[in-house]
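Examining the three-dimensional arrangement
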Amino acid sequence: MILKSLLAAVVGSVDAERLFKTLHVPPSLTAEAGAVSRAHMAQAMNMALFNGLLARVPSGRAYVEETIAAGGKVNFDHGALRTVAWSANGTLPSGRVAITRLLEPLGFAQADIYPLPRLKMTGYAYRHLDLPEEIAQFFVSELHPEQFSPAFQTAVTRVVSTSIDPLTPDETTLLTRLARGETLNQDEAADLVCACVRGFGRHHAEPSLSDYETLKAESAEMAWISTEGNAFNHATDRVADVFATAEAQRVAGRAIKENVEISTSGRVRQTALIADKVTRGFIDAHGQRTERVVPGSFYEFISRDFLPGSVRLDLAFDTGNATGIFNVTAASEN
């Protein structure tokens, strides 16, 4: 199978087999032979990112294992990540461009913009042009440091100015070729998917403790970015009844948001497990490396209704929902 071979080249054959048993895969991408399409690459990237997130999020991994043991599968709805729109960003493109340069050649296009004024951020939804309901979307947020204090902005500069672009010139060339509509062979496609997955990470040096505390005082989101960078912030499972799922997680003893977020339309309902803790390195006042436990990534649940008078799902996001969901990383500080 084209997709399985591509995924195995990225995560290994054992994980590829497990992911095919874990995630719903678009039937149109299960052909045994043929050319590698941008949809194949997009799906392989998404599956690899999901795999990486589960490795960092024990609570989400436990939920997924229970789902599979009960004979179910995960319907991967969307993934999310955070960026900083700041010019002093080392050799890494500023803000969401660091990610959209990966997404757009693979067939994703901006679907909508979601102002997040309470967080001093803006969210951007990217949806796949070929299989919008079947290939997981991306919610890419940008933080706007200019809306914070001068001390905060100085700390942001010290943190992100050390960023190094993870893409090689050859990988950038592959992206350019794909964006032009060229077909890549299997090896080129695998190399490109590996490069794209690598793009979702922290590309700056470990922050100082003092900068981390300065950032956290004004923005839990920027403090998170200082330790996690552009890593996959969360993966979202599209479930039939998010209220029932949330209650089942409480019964299982997992920490989950107290309330379900409901969109203005009422058609999109979301909640999430509280972010798992991770150990990250910092530089202390004496220039020595030290470690601290901080919020990491998390696992989310969403239910979507059909659009009125349509058989198409409402694939939109909601500003209020997004703002509420962001709080699960801040809650993990407690």
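Residues numbered from 1 in each chain as written. Predicted model: local features only at pLDDT ≥ 70, side-chain atom pairs only at ≥ 80, totals over all residues. Heavy atoms only, no water.

**Notes on the confidence of the model for the chain**
Per-residue pLDDT for the chain averages 95, and the proportion of residues at 70 or more is 99%. At the low end of the mean pLDDT range in the chain sits helix α12 (residues 319-331), at 84; at the high end sits helix α6 (residues 150-160), at 98. (pLDDT = per-residue confidence, 0-100. Helix = DSSP H or I, 4+ residues; strand = E, 2+ residues; numbered from the N terminus.)

**Details of the packing of helix α1 (residues 2-11) against helix α2 (residues 13-22)**
Two numbers describe how α1 lies on α2: the axes approach to 7 Å, and their chain directions differ by 130°. On the basis of their axis angle, the class for α1 and α2 is oblique. Viewed along their axes, α1 and α2 form a crossing whose handedness is right-handed. Side by side, α1 and α2 meet where Leu-3, Lys-4, Leu-7, Ala-8 and Val-11 of the first sit next to Ser-13, Asp-15, Ala-16, Glu-17, Leu-19 and Phe-20 of the second. Classifying every residue of the contact of α1 with α2 gives 7 nonpolar, 1 polar and 3 charged. (Axes fitted to C-alpha atoms, helices over the stretch in contact; angles between N-to-C directions. Parallel < 35°, antiparallel > 145°, perpendicular 65-115°, else oblique. Left-handed = near helix turned anticlockwise from the far one by under 90°. Contact = heavy atoms within 4.5 Å. Nonpolar A, V, L, I, M, F, W, Y, C, P; charged D, E, K, R; others polar.)

**Observations regarding the packing of aromatic side chains**
Under the definition given, this model contains 15 aromatic pairs. Their ring planes at 70° and their centres at 6.3 Å tell us that Phe-50 and Tyr-299 sit as a pair that is edge-to-face. Of the two residues, Phe-50 sits in helix α3 (residues 38-56) while Tyr-299 sits in strand β10 (residues 298-304), which places them 249 residues apart along the sequence. By relative accessible area, which is 0% here, Phe-50 ends up buried. Between the aromatic rings of Phe-139 and Phe-317, the centroid separation amounts to 5.2 Å while the plane-to-plane angle is 65°, which identifies the pairing as edge-to-face. Taken together, the residues Phe-139 in strand β4 (residues 137-143) and Phe-317 in the loop between β10 and α12 connect sequence positions 178 residues apart. A residue is classified by how much of its surface remains accessible, and Phe-317, at 8% relative accessible area, is buried. Positioned above the aromatic ring of Phe-20 is the side chain of Lys-4, whose terminal nitrogen or guanidinium carbon lies 4.9 Å from the ring centre. Sitting above the plane of the Phe-148 ring, Lys-120 keeps its charged end 4.6 Å from the centroid. (Phe/Tyr/Trp six-rings, centres within 6.5 Å; stacked < 30°, edge-to-face > 60°. Buried < 20%, exposed > 50% of the residue type's maximum accessible area, 1.4 Å probe, protein only. Lys NZ or Arg CZ within 6 Å of the ring centre and 35° of its normal.)

**Quick word on the side chain of Asn-321**
If you trace the backbone, Asn-321 turns up in helix α12. For Asn-321, a relative accessible area of 0% translates into the label buried.

**Notes on the pattern of salt bridges**
For the coordinates displayed, the defined rule picks out 22 salt bridges. Here Arg-101 ties to Asp-165 by a salt bridge, and the two come within 2.8 Å at their closest N and O atoms. Placement of Arg-101 in helix α5 (residues 97-103) and of Asp-165 in the loop between α6 and α7 (169-179) is noted, with a sequence separation of 64 residues between them. Several salt bridges converge on common partners, so that one network encompasses Arg-177, Arg-180, Glu-182 and Glu-188. (Salt bridge = Lys/Arg side-chain N within 4 Å of Asp/Glu carboxyl O.)

**Let's talk about the nonpolar core**
The tendency in soluble globular proteins is for nonpolar side chains to be buried side by side. Counting residues in hydrophobic clusters, the biggest one holds 62 residues, and the most contacted among them are Met-41, Met-45, Phe-50, Leu-106, Phe-138, Phe-200 and Tyr-299. Apart from residues lying up to four places away in sequence, Phe-138 is in contact with Met-45, Asn-46, Leu-49, Gly-79, Leu-81, Leu-103, Phe-108, Tyr-124, Ala-125, Tyr-126, Phe-200 and Phe-232. Counting 29 residues, the second-largest nonpolar core is a separate cluster that includes Val-84, Leu-143, Phe-148 and Val-294. (Core = buried A, V, L, I, M, F, W, Y, C linked by side-chain atoms within 4.5 Å.)

**Here we look at the state of the cysteines**
Per the counting criterion, the structure on display carries 0 disulfides. Free cysteine: Cys-194, not disulfide-bonded; nearest cysteine sulfur from Cys-196 at 9.4 Å. (Disulfide = S-S within 2.5 Å.)

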